[in-house]
Each structure stands twice: as structure tokens, then as C-alpha cells.
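Okay, here's what each chain looks like letter by letter:
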Protein chains: 2
Amino acid sequence: MTQICYFCSMDLQEFLEEGDKLFLPNLSIDLVIIGFEEGHLKCLLLKMGNKWLLPGGYIRRDQSVDEAARTILKDRTNLEDPHLQFLSVFGDSERRPGLGSEWKDFILNSGVKWDEGYWVNDRFVSLTYYALVDINKTHPTVHNFDEAYGWFHFDALPDIWMDHDQILKKARNRLKEDINRELITHNLLPDKFTMPELHKLHQAILEEKLDRSRFQKKMLASGLFERLPKLQKDTPGRNPYLYRLKKQGV
Amino acid sequence: MTQICYFCSMDLQEFLEEGDKLFLPNLSIDLVIIGFEEGHLKCLLLKMGNKWLLPGGYIRRDQSVDEAARTILKDRTNLEDPHLQFLSVFGDSERRPGLGSEWKDFILNSGVKWDEGYWVNDRFVSLTYYALVDINKTHPTVHNFDEAYGWFHFDALPDIWMDHDQILKKARNRLKEDINRELITHNLLPDKFTMPELHKLHQAILEEKLDRSRFQKKMLASGLFERLPKLQKDTPGRNPYLYRLKKQGV
């Protein structure tokens, strides 16, 4: 059986032997894709053997680094244009995907030959990005480089491959910095949301309790939100107002 | 005459032909080295032909990306341990140092052969860092890759090579963000400084007028500074107090 490489539609054996003609060597992109569900921040991980890893890929020689990141996000989640931001560079000299057994097992299980000298087994500097997405609009796909996908709580992560746990930690901390100066975190909520939902999101990101009425007062005073009709619930209790972000520049 | 490559002590011809055995291909590091003098923010640039460029270099295969950046900073300024922070990645698909004439002229003037196919002429993704230094403690050195160095006002830059003007702009903007949340900008001043000097630094970074007495009140109220004896001036007028940063954790 001939395996076709997900990244480039090459035959997998050809990709392993000559993929660096098409892609920049020693450089990879890894994406931290973050959503918010049931009061928890979650990240999208892919399974390879008994480890989980971040969705990622390589940079085509004819693509900019940002374009490559967007392409990988689109291929992995079918999302076109969410918030996608550069996170950081992970550049330890010992970052070699080929060092662990998972990668080798995957290659061998694909029915192709194994060679330590493949370009994909060399040292890789990872350029990492993070995306904030609405989980309900996100439809991850599984390719031949991974067996399954899953959304995981940041505080209950499975066994993580290589240094991807450090990348996840960096993204988690970046969110805390972001929330104090930007509105980007609203990508994590649907277009219309209630103040209790916004309150839960801020608490989840900052990992601390926020006084609910003070939070709500501050948010409403910001003038950033537009009030809509109340949410119609089937459950008993007060129906909260729905809000959405005011359109910028209108 | 045999030219020795500054980066690796290889013979220059050998470096051009086989340097990618020692260094990662397609990846470079560029440094924005920033100082403060006579009320102005200045950056260190090197001359190559009729253009000026950022100090930079390559990543040895046995070095982490951060180590490579520190090595380049040390080699270029003789500074050991200043504030050195990752800035951003510049990854356009058309970033080819070999495209302009300056690089080619430099190579040809070095008395070695020219070949479009040298690894140094390929596409390069630049990982950029910025350092805040005390100009008086900084002793730049000029190597065989550059003819001269100079400190330039950010608002009076000479003719800049490739996309290095964009990298400079990014660093300039980052400083404005930094000043609101960190104390790193004090690296730009000597250990002991006056409040008027600190005021001028903040104005230079933010590119706006700050009310002097309100600024001074805010700084003193922060509790971050220790007052020292007055500055002894030879010129007439009041002698201002000197200050220094209180030691952390003491």
C-alpha cells in the first residue's frame, strides 16, 4: 500500500527522502488551538501512539511563515480566519522528533523504510502560534500523521510528546497577559453571550475568582458591548440578557 | 589573501560552500541593539556597501536559538548579560539576502568566488531579538562582514538593507508596550540617574510629552527607587538627586 503524505500529497517515502526540496528544513510550525467549553479552557491535541501532540506542519519554500501557519490551521480545523497570533520560538539544540519512539513507530507502521538521516529526523526549531476558536464551529480532521484528536482541559492534559507541554504552558500564560489589554478572548465565546458566560471565561483564563457584580459593572462601563434581547431559557430562574461586541468603527 | 569567516573561523570560501554543515540553513538571527544618549533612543547598525544593517548571524547546530543570539550579542558588543529578549519572526518567502547587490559585492570584494547556489544566498527566516544596553559600556566590534558601525537615532535612520527597517520598527513599538508593564527600560540608563533623565527616557520611548511633576510623583510613589546623594554638577542651577533601582528581594 502506498501512503500519501498529508502535508504535500507526495508519496510518503518520497516525502521522507526529499521533502526538504519542497519545505524549509529544520523548521516546523506548531499550533496551540484553544477553545472554551463548559467553563473550561481546552486545547486541541492529536494522538500519535501513546502520546498526544500539537497540530503542526512544515513551511513550504514558496510560503511565508504566517501563510504556512494559516494553511496548517485551515487544514486541521477547517477554520478560515480566526485570531491566529505568533506565540514564540522553541529552539533547543536537542529538539529532534526522531529521538523518541513514537515517530519512528509511526513511520514503520506506515509501511515505509526508516532512516535516521531523513530530514524530518533532524533538529527542528519550532515556530509556535496560538489560535482562539469557537469549539462549536471547529471541525478538526485527522490525517495519516495522527490517529485521533481530542479537546483537553489545560489542567488535565494527557501524556504530551516532546516539549509540547512547554509550548502549551507558554500559550496558557500568554492568554493571561492578553486579557488585560485586548479583546481577543471573545473569539472563545459565540457571537452572542451572557455576562455570566463572559465572567466564567475571564475566571478560567486568569485562574482566579472575580467578584461577579464588580466584574459585570466594569464590563458594562467599558462601552464595548451591545445589549440584545434576553436569552430564552427552558430552565427555571431569571433569563439573563444577551450581549455582543459593538462593531468597531461603525 | 585568504579571508577567514568571522562567524566560524572557517576559510571564507569553505564557509560559503559548506557552512550549512555547521549552521542551520535558512535561519538567521538579527539583533536590534538599543541605547539611550543625549535624550534620544539609538540603535546600533553596521555598514555593508552603501546600506546599513542589523548585527546578526547564524545558529550553530549545537547551539540553542537563545544561545546563538547571546553569542552574537557578545561578539558584536562585548556585552555579557544585558537584557536580551525575543522580538519576532520575519518569515516572508522572498527574504533572500542574495537578491540585493550589497551582499554579492561584499563577497566578490573578499576575493572569493560567487555562486547563486551558496546556502547563504537562499531564503532566510529571521529570528529577531532586542537588547537594551548602556551605550557607554558597549564597545562594538567590526568584522569582515561589515565596514563600520554607528549609533543612529530611530527617527533619522540611514539607508537600511533588506527588511531590517521593519524589524527596527517592530522593536521601537515593542518598547512602548514594555514600558507600561516592566522596568527593563532602566538598562538604558546608567546605574545612577536623575529624575529628569528618567523623564526624558520615558518621553523618548513613548514619543509624547509627559507632565514632569506628575511623572516624578508617580515614579517616586512606585517605591521602586532609592534616593542617593545629590549629583555634583559644575554647571549653575539646582543639583538634582541621584536615584537607583532598589535591589529586588533584599
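Residues numbered from 1 in each chain as written. Chains lettered and ligands numbered in written order. Predicted model: local features only at pLDDT ≥ 70, side-chain atom pairs only at ≥ 80, totals over all residues. Heavy atoms only, no water.

### Describing the interface of chain B and chain A
We apply this condition: The contact definition used throughout considers only heavy atoms, calling two residues in contact when any of these lie within 4.5 Å. Note on terms: buried area is the combined drop in 1.4 Å-probe accessible area of two parts once they are placed together, counting the loss on both. A pairing counts as a salt bridge when a side-chain nitrogen of Lys or Arg comes within 4 Å of a carboxyl oxygen of Asp or Glu. Side-chain atoms alone can form a polar contact between residues adjacent in sequence; in general such a contact is a pair of N or O atoms within 3.5 Å, and within protein one must be able to donate a hydrogen while the other accepts it. Each helix is a run of DSSP H or I of at least 4 residues and each strand a run of E of at least 2, with the numbering of both proceeding from the N terminus.
Contacts between the two partners involve 22 residues from chain B, matched on the other side by 22 residues from chain A. Buried surface at the junction of chain B and chain A, both sides included, amounts to about 1600 Å², of which 60% is carbon and sulfur. Area buried by chain B at its contact with chain A is led by Arg61, Val89 and Arg123 of chain B, which between them contribute 25% of it. Our enumeration of links across chain B and chain A arrives at 2 salt bridges. In this structure, Asp122 of chain B engages Arg61 of chain A in a salt bridge whose closest nitrogen and oxygen atoms are separated by 3.3 Å. Taken together, the connections running from chain B to chain A amount to 10 residue pairs in polar contact (both at pLDDT 80 or more). Elements that contribute at least two residues to the side of chain B that touches chain A include exactly strand S1 (23-37), strand S4 (56-60), strand S5 (83-90) and strand S6 (125-132) of chain B. With 4 residues, the top contributor of residues to the side of chain B that touches chain A is S1 of chain B.

### Some details on the relation of the copies chain B and chain A
Selection rule: In this comparison the copies share one frame, found by least squares on the C-alpha atoms of residues holding pLDDT of at least 70 in both.
Here chain B sits on chain A after a turn of 180° about the axis and a move of 0.0 Å along it, with an RMSD of 0.0 Å. The symmetry that links the two subunits is that of a two-fold axis. Mapped onto chain A, 100% of the interface residues of chain B again fall at the interface, so both copies present the same surface.

### Brief notes about the sheet that holds strand S10 (residues 241-245) of chain A
All names here are of chain A. Note the threshold: Only strands joined by at least two bridges in the DSSP assignment are considered to pair.
Reading across the sheet, the 3 strands line up as S8-S10-S9 and stay open at both edges, with antiparallel pairing between neighbours. Edge positions in the sheet fall to strand S8 (193-194) and strand S9 (225-230), since each of these pairs with one other strand and no more. Where S9 lies against S10, 4 bridges are found, and the strand directions are antiparallel. Each bridged residue has a counterpart across the sheet, and for Glu226 the counterpart in S10 is Arg244.

### Things to note about the environment of Ala148 of chain B
Residues and elements named next belong to chain B. Within the secondary structure layout, Ala148 lies in the loop between S6 and strand S7 (149-153). Each C-alpha atom of the pair Ala148 and Leu45 lies 8.5 Å from the other, and the pair is 103 residues apart in sequence. Excluding anything up to four places from it in sequence, Ala148 contacts Leu45, Leu46, Lys47, Trp52 and Val142.

### Observations concerning the side chain of Gln63 of chain B
Position of Gln63 of chain B among the secondary structure elements: in the loop between S4 and helix H2 (65-77). Those residues in contact with Gln63 of chain B, other than ones at most four positions away along the chain, are Gly91, Ser93 and Arg123 of chain A together with Ala68 and Thr71 of chain B.

### A closer look at helix H6 (residues 212-221) of chain B
Note that an α-helix has 3.6 residues per turn; residues three or four places apart therefore point the same way. Of the residues flanking the start of H6 of chain B, the one acting as N-cap is Asp211 of chain B, its side-chain oxygen 3.4 Å from the backbone nitrogen of Ser213 of chain B. Looking one or two places after H6 of chain B, you find Gly223 of chain B, whose phi comes out positive at around 70°.

### Notes on the nonpolar core
Test applied: Within this scheme, the nonpolar core is defined by two criteria: the residues are buried Ala, Val, Leu, Ile, Met, Phe, Trp, Tyr or Cys, and they are joined through side-chain atoms within 4.5 Å. Whether a residue is buried, partly exposed or exposed follows from its accessible area with a 1.4 Å probe, protein chains only, as a fraction of its type maximum: under 20%, in between, or over 50%, in that order.
Membership of the largest hydrophobic core comes to 44 residues, with the highest contact counts inside it found for Ile29 and Leu127 of chain A together with Ile29 and Leu127 of chain B. Secondary-structure elements contributing two or more residues to this core are strand S1 (23-37), helix H2 (65-77), strand S5 (83-90) and strand S6 (125-132) of chain A together with S1, H2, S5 and S6 of chain B. Once residues within four sequence positions are removed from consideration, Ile29 of chain B is found in contact with Pro55, Gly56, Gly57, Ile59, Val65, Ala68, Ala69, Ile72, Leu127 and Tyr129 of chain B. With 34 residues, the next largest nonpolar core counts Phe36, Trp52, Phe90 and Tyr243 of chain A among its residues.

### A short note on the UniProt feature "domain: NrtR DNA-binding winged helix" (unreviewed entry) in chain A
Rule in force here: UniProt positions are given in the numbering used here, feature names are shortened, and annotations may be inferred rather than shown by experiment.
The sites that UniProt annotates as "domain: NrtR DNA-binding winged helix" (unreviewed entry) are residues 187-245 of chain A. When the span residues 187-245 of chain A is considered, its composition is 37% helix and 22% strand, and the gap between its end C-alpha atoms is 10 Å.

### Some details on a positive patch on the surface
This is how the line gets drawn: Exposure above 30% relative accessible area and the absence of a salt bridge qualify a residue for a patch, where like charges join within 9 Å and nonpolar side chains (Val, Leu, Ile, Met, Phe, Trp, Tyr) within 5 Å. Note on areas: Shrake-Rupley, 1.4 Å probe, and residue coverage restricted to the protein chains presented here. His is not counted, nor are the chain ends; Lys and Arg add positive charge and Asp and Glu add negative charge. Where a charge sits is defined by one atom per residue type, namely NZ (Lys), CZ (Arg), CG (Asp) or CD (Glu).
Where like charges cluster on the molecular surface, the positive patch consists of Lys200, Arg212, Arg227, Lys230 and Arg238 of chain A. Tracing the backbone shows Arg212 of chain A in helix H6 (residues 212-221).

### A short note on the domain arrangement of chain A
Residues and elements named next belong to chain A. Worth spelling out the cut-off: All the domain ranges listed were derived from an automatic or database domain assignment.
Taken domain by domain, chain A comprises domain 1 (12-179) and domain 2 (189-245). Here the C-alpha centroids of domain 1 and domain 2 sit 33 Å apart. Taken residue by residue, the interface counts 9 residues in domain 1 and 11 residues in domain 2. Across the domain 1 to domain 2 interface the summed buried area is about 880 Å²; carbon plus sulfur atoms make up 66%. On the domain 1 side of the contact with domain 2, Phe36, Lys176 and Ile179 bury the most area, a combined 55% of that side's loss. The interface formed by domain 1 and domain 2 contains 3 salt bridges. Lys176 is the partner of Glu207 in a salt bridge, and the nearest nitrogen-oxygen pair spans 2.7 Å. For the pair domain 1 and domain 2, the interface holds 3 residue pairs in polar contact (both at pLDDT 80 or more).

### Thoughts on the sheet that holds strand S10 (residues 241-245) of chain B
All names here are of chain B. Pairing within the open sheet is antiparallel, and its 3 strands lie in the order S8-S10-S9. The sheet is open, and its two borders are formed by strand S8 (193-194) and strand S9 (225-230), each paired with just one other strand. One ladder, built from 2 bridges, connects S8 with S10; its direction is antiparallel. Each bridged residue has a counterpart across the sheet, and for Thr194 the counterpart in S10 is Leu242.

### Overview of the pattern of salt bridges
Residue and element names in this part refer to chain A. Evaluated as defined, the whole model comprises 26 salt bridges over all chains. A salt bridge links Asp191 to Lys137; the shortest N-O distance between them is 4.0 Å. With Asp191 in the loop between helix H4 (164-179) and S8 and Lys137 in the loop between S6 and strand S7 (149-153), the pair connects residues that are 54 residues apart, well separated along the chain. With relative accessibility at 56%, the residue Asp191 sits in the exposed group. Look at Lys137 and you get partly exposed, because its relative accessible area is 47%. When salt bridges that share partners are traced, they join Glu37, Glu38 and Lys42 into one network.

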